[in-house]
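A look at the structure
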Amino acid sequence: MLLVLLPRFIRIHLLSPLLPDHFSIQTRTKKGDSMLWEEQVPLLSAGLHKDLVVEAYGRASAGKKVFPLRENVFNAMRLTPFQNVRVVIIGQDPYFNEHPVLGPEAHGLCFSVKEGIPAPPSLINIFKEIDQSIYQSAGKTYGTDLGRWAEQGVLLLNASLTVIAGRPNSHAGLGWHRLTDDIIKTISEKRKHVVFMLWGAFAQKKEAMINQKENLVLKTSHPSPLSAHRGFLGSGVFVRCNRYLIDHGLAPIDW
């Protein structure tokens, strides 16, 4: 009877136990560090991300599977501290498929899948462009987990951070876009010499949020097989990104 009388938000917490780190984005790495995501981004400071996680894995999913796993929702920010962001790559939606053995393809980083899961078509084209423009078509092999980029300062941010299994864009109206737009705006306002990669029409809608006097915007078509040949392949976007970083005294990304 007590549960019935409690507000819905609290009932969800009691009925859907969460590990403490499901809501945590980043822990303080050293004494006096004031660059935590939750302290820099207004809507994170307000706790919107916590409300959205509860909603995404509760009422909004109606018992259906939601990807990525709850503990991976904020991986992009966990792996790339605010003060380390040098590049932002914007995706639209987490992968909504599941590997029969290895589980969800999505693991909190846009365009990335866990090692062992075959690379999706867009990621194949990303690797193709890197191989052609940086390694002169050497035929290198690349791991599908882009965590190695994230640890170098590449924020791999989807506009929506969750999706119902098998239903693309199913959480697009949940409120994630409001949160991730605020993340993009905050990086643009508080950081300098960040490269924003806007691939395709959806990502390019974010251009107006970015201070291009202090940062670089690189626009191409989306790496999807439907559009990669209309601008992404042959764009030299990864070379141009590294050239900008070097020109501003920053280390290039090891793609």
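Residues numbered from 1 in each chain as written. Predicted model: local features only at pLDDT ≥ 70, side-chain atom pairs only at ≥ 80, totals over all residues. Heavy atoms only, no water.

**Quick word on the packing of helix 7 (residues 121-134) against helix 11 (residues 237-247)**
One can describe the packing of helix 7 onto helix 11 by two numbers: an axis separation of 8 Å at closest approach and a directional angle of 65°. In this structure, helix 7 contributes Ile126, Glu129, Ile130, Ser133 and Ile134 to the contact, and helix 11 contributes Val237, Phe238 and Val239. Taken together, the residues of the contact of helix 7 with helix 11 break down into 6 nonpolar, 1 polar and 1 charged. (Axes fitted to C-alpha atoms, helices over the stretch in contact; angles between N-to-C directions. Helix = DSSP H or I, 4+ residues; strand = E, 2+ residues; numbered from the N terminus. Contact = heavy atoms within 4.5 Å. Nonpolar A, V, L, I, M, F, W, Y, C, P; charged D, E, K, R; others polar.)

**A short note on the packing of aromatic side chains**
In the structure shown here, the tally under the stated rule is 11 aromatic pairs. Ring geometry for Phe127 against Tyr142: centres 4.9 Å apart, planes inclined by 15°, an arrangement best described as stacked. Of this pair, Phe127 sits in helix 7 while Tyr142 is found in the loop between helix 7 and helix 8 (147-150), placing the two residues 15 residues apart along the sequence. For Phe127, a relative accessible area of 9% translates into the label buried. Residues Trp199 and Phe238 carry aromatic rings whose centres are separated by 5.9 Å and whose planes lie at 75° to one another, so their mutual orientation is edge-to-face. Of this pair, Trp199 sits in strand 7 (residues 195-199) while Phe238 sits in helix 11; the two residues are 39 residues apart in sequence, bridging distant segments of the chain. (Phe/Tyr/Trp six-rings, centres within 6.5 Å; stacked < 30°, edge-to-face > 60°. Buried < 20%, exposed > 50% of the residue type's maximum accessible area, 1.4 Å probe, protein only.)

**A short note on the side chain of Ser188**
Looking at where Ser188 falls in the secondary structure, it is placed in helix 9 (residues 176-190). Ser188 sits in the buried class, given a relative accessible area of 2%. If we skip the residues at most four places from it in the chain, Ser188 touches Phe196, Met209, Ile210, Asn211 and Asn215.

**A word on the sheet that holds strand 5 (residues 154-158)**
The strand order 5-2-7-8 describes an open sheet built from 4 strands, whose pairing is parallel. Among the strands making up the open sheet, the edge pair consists of strand 5 and strand 8 (216-220). When strand polarity is set aside, the average angle formed by the axes of neighbouring strands in this sheet is 20°. For strand 2 (residues 87-91) and strand 7, the ladder comprises 3 bridges, and the chain directions are parallel. In the sheet register, Val88 faces strand 7, and the bridge partner there is Phe196. On the sheet, helix 11 packs against strand 2, strand 7 and strand 8 and is oriented at approximately 165° with respect to strand 7. (Pairing = 2+ DSSP bridges.)

**Quick word on the packing of helix 5 (residues 48-56) against helix 9**
Contact pair helix 5 / helix 9: the axes reach a minimum separation of 10 Å and the direction vectors enclose 150°. Taken together, helix 5 and helix 9 sit at an angle that is classed as roughly antiparallel. Considering only the axes of helix 5 and helix 9, their crossing is left-handed. Between helix 5 and helix 9, the contacting residues are Leu48, His49, Leu52, Val53 and Ala56 on the first element and Trp176, Arg178 and Leu179 on the second. (Parallel < 35°, antiparallel > 145°, perpendicular 65-115°, else oblique. Left-handed = near helix turned anticlockwise from the far one by under 90°.)

**Some thoughts on the pairing of strand 5**
If a strand is regular, its side chains alternate between the two faces of the sheet. In terms of residue burial, strand 5 counts as a mostly covered element, since 5 of its 5 residues are buried. Neither face of strand 5 is left uncovered, since the one carrying Val154, Leu156 and Asn158 and the one carrying Leu155 and Leu157 both have all their residues buried. In the sheet, strand 2 pairs with strand 5 via 5 bridges, with the strands oriented parallel. Considered in strand 5, the bridge of Val87 is made with Val154.

**Here's the deal with helix 11**
For helix 11, the set of buried residues is Val237, Phe238, Cys241, Asn242, Tyr244 and Leu245. Down the axis of helix 11, the buried side of the element spans an arc of 160°, and every buried residue falls inside it. In this fold, the buried residues of helix 11 make contact with strand 2, helix 7, helix 8, strand 7 and strand 8. Positive backbone phi, approximately 75°, marks Gly249, located one or two places after helix 11. (Arc of directions from axis to C-beta.)

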